[in-house]
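Spelled out from the first residue to the last, the chains are:
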Amino acid sequence: MLISAGLLVRTLANLRSVDPGFDTHNLLLFGINPKQAGYKGDKIQTLYAELHNRLASIPGVISSTYSKLPFLRSVAWGGHVHIEAQPEKPAPEVNMLATGPDFFETMRLPIVAGRTFSAFDLQSGRPVAIVNERFAKRFLQGANLVGVHFATGGDENQVEREIIGVVADAKYEDLRKPVEATVYIPFREGEAFFALRTSTRPEALIPTVRRVVAGLDDNLPLFDVRTQTEVIDHLLFNERLVARLSALFGVLAFVLACMGLYGLLSYEVARRTREIGIRTAMGAQQRDVLRLVVGQGIALAAVGAVAGIAGAFGLTRYLQSLLYGVRPTDPPTFIGVALLLGAVSLAACYIPARQATKVDPTVALRYE
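Along each chain, residues carry numbers from 1 onward, in the same order as the chain's sequence is written. For this predicted model, a pLDDT threshold of at least 70 governs which residues receive local features, and a threshold of 80 or more governs which side-chain atom pairs are given and counted, while totals over whole chains, interfaces and linings are taken from all residues. Where side-chain values are given, they derive from all heavy atoms of the structure, hydrogens and water being excluded.

(A) Spatial organisation of the packing of aromatic side chains. Centres within 6.5 Å are what make two rings of Phe, Tyr or Trp a pair, Trp counting through its six-membered ring; a difference in plane orientation under 30 degrees is then read as stacked, over 60 as edge-to-face, and the rest as tilted. Summed over all chains, the structure comprises 17 aromatic pairs. Ring geometry for F30 versus F194: centroids 5.4 Å apart, planes at 5 degrees, classification stacked. A residue pair is termed long-range when its members are at least 10 positions apart, and F30 in strand β1 (residues 27–32) and F194 in strand β10 (residues 192–198) qualify at 164 residues. Relative accessible area decides the class of each residue, using a 1.4 Å probe on protein chains only: under 20% of the type maximum gives buried, over 50% gives exposed, and in between gives partly exposed. Classification of F30 as buried rests on a relative accessible area of 0%. Pairing F135 with F139 gives two aromatic rings, centres 4.7 Å apart and planes at 55 degrees, and the pair type is tilted. Taken together, the residues span about one helical turn, with F135 and F139 both in helix α5 (residues 133–140) at a distance of four residues. Exposure remark for F139: the relative accessible area of 3% places this residue in the buried category. Taken together, F22, F71, F103, F104, F117, Y172 and Y184 form an aromatic cluster joined through their ring pairs. Note on conventions: DSSP H or I runs of at least 4 residues are helices, E runs of at least 2 residues are strands, and numbering of each starts at the N terminus.

Here it is, written out as structure tokens:
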């Protein structure tokens, strides 16, 4: 149980230390669906543009943007691509994300080559795209992609797009999944998620954001109002719960094992009082008595550790689907747990051993 707890706790730590590729700090997110308030067509674009400007002017907001989906929400939008001069059947599928103005600046997603979307790109409907480095490595072996054309969509509704820029890789759907080829296109219509990069605690700006949206149209419903940190915490909820429960049960089992070892050795000392007295009367030193009792306790702990490790080798493979960045037979975890068990077992043996050294030979010889 201790080894399982160690593996799951290390998994949680590994997931928390994953670099998602963009700055997750001081980001406030919320969703909005203008169609529920009766907006259609170009009115949605006008609404988003006005809301984007108003949110960007809030004191404490560094920049604002919006996109079809936020990063790390356990959902992704995909599509098929047809690369120019590279007919591949069937057409490979990639991640896609529609973004608004200042998206890469707000997410602090570095531009590797080319440029980001301009106001003209977003307003004119020009079929352009920005791809990530993974896309470049997968389809064009890292060659210069700026100016390359490719098509998105199925055979009947293909849209030919021109690549105008390449950005750094970022986790899109999940922290566990590797970075996949991703295409960013200009946002056109529909539900959107806004993101605000703040210079202060993003939670403090939630009332202000609600007032700004209500000032534009009090019929606009907001949903999923939370920080990017909260989104990641929600994403890791299952891992955190399993790690805490396994750690709790592991500690309980550990405490029970140490209490059992202490009780058994105390009983053994009481049962062998006459033997210990005779040994002392015949010249045994305190260190000899200590060695006798502690040696018995360590031997029991060693047998238990060996049996537990053997069992863990067989059982932890069933945890493989829950682990990230650590193997089911991770040597540091196995060795660390064995050393911990040995150290605490030694402490559990010490009290009965000290009691054994205080046995009076004359009392012990008259025992029973």
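(B) Just the pattern of salt bridges, in detail. The salt bridge criterion pairs a side-chain nitrogen of Lys or Arg with a carboxyl oxygen of Asp or Glu, the two atoms within 4 Å. What the rule picks out here adds up to twelve salt bridges. Among the salt bridges present, the one from R73 reaches D224, with a minimum N-O distance of 2.8 Å. Linking R73 in the loop between β2 (61–67) and β3 (77–83) with D224 in strand β11 (residues 222–227), this pair joins segments that are 151 residues apart in sequence. Residue class for R73 comes out partly exposed when judged on its relative accessible area of 29%. Residue class for D224 comes out partly exposed when judged on its relative accessible area of 30%. A salt bridge links R201 to E203; the shortest N-O distance between them is 3.9 Å.

(C) Local environment of the layout of surface pockets. Two kinds of site are reported from a 1 Å grid over the protein atoms alone, namely cavities, where a 1.4 Å probe fits but cannot get out, and pockets, open sets with protein on both sides within 12 Å along at least five of seven lines, and residues are called lining when an atom falls within 4 Å of a point. Grid points are joined across faces, edges and corners, and a volume is the space filled by probe spheres set on the points. Looking at the largest pocket, its volume works out to about 380 Å³. Around the largest pocket sit 20 residues that line it, and M1, L2, I3, G308 and I309 are the ones nearest its centre. For the lining of the largest pocket, the secondary-structure elements that each account for two or more residues are α1 (2–16), α8 (237–271), α10 (286–315) and α11 (331–357). If you tally residues by element for the lining of the largest pocket, the top one is α10, at seven residues. Each residue belonging to the lining of the largest pocket can be placed in one class, and the counts come to 14 nonpolar, six polar and no charged. Classes in brief: Ala, Val, Leu, Ile, Met, Phe, Trp, Tyr, Cys and Pro nonpolar; Asp, Glu, Lys and Arg charged; the others, Gly included, polar.

(D) Fine view of the pairing of strand β7 (residues 149–152). The sheet contact formed by β3 and β7 spans three bridges and is antiparallel. From the neighbouring strand, V81 faces β7, where its bridge partner is T152. Strands qualify as paired when DSSP identifies two bridges or more between them. Relative to strand β8 (residues 159–167), β7 runs antiparallel, the two sharing four bridges. Across the sheet, residue F150 finds its bridge partner in β8, namely R161.

(E) Summary view of the packing of α8 against α10. For every element, the axis is a line fit to its C-alpha atoms; helices are fit only across the contacting stretch, and the angle between N-to-C directions ranges from 0 to 180 degrees. Direction vectors running N to C along α8 and α10 enclose 145 degrees, while the axes themselves pass 11 Å from each other. Judged by the sense of rotation from one axis to the other, the crossing of α8 with α10 is right-handed. When α8 is examined against α10, the residues L261, L264, L265, E268 and V269 are found in contact with a partner set consisting of V293, Q296, G297 and L300. In terms of residue class, the contact of α8 with α10 is built from six nonpolar, two polar and one charged. Here a crossing is called left-handed whenever its near helix is offset anticlockwise from the far helix by less than a right angle, and right-handed whenever the offset is clockwise. Here, two residues are considered to be in contact whenever any of their heavy atoms come within 4.5 Å of each other.

(F) Quick look at empty space enclosed by the protein. Tallied over the entire structure, the rule returns five cavities of 30 Å³ or more. Taken as a whole, the largest cavity encloses approximately 80 Å³ of empty space. Around the largest cavity, the lining residues are N95, A170, K171, Y172, E173, D174, K177, P178, V179, E180 and T182. Here the lining of the largest cavity is built from residues that sort into four nonpolar, two polar and five charged. Estimated volume of the second largest cavity: approximately 60 Å³. For the second largest cavity, the full set of lining residues is L29, S67, L69, P70, F71, L97, F103, M107, F193, F194, A195 and Q228. Elements with a contribution of two residues or more to the lining of the second largest cavity: α3 (103–107) and β10. At three residues, β10 tops the list of elements feeding residues into the lining of the second largest cavity. Class assignment of the residues belonging to the lining of the second largest cavity gives a composition of ten nonpolar, two polar and no charged.

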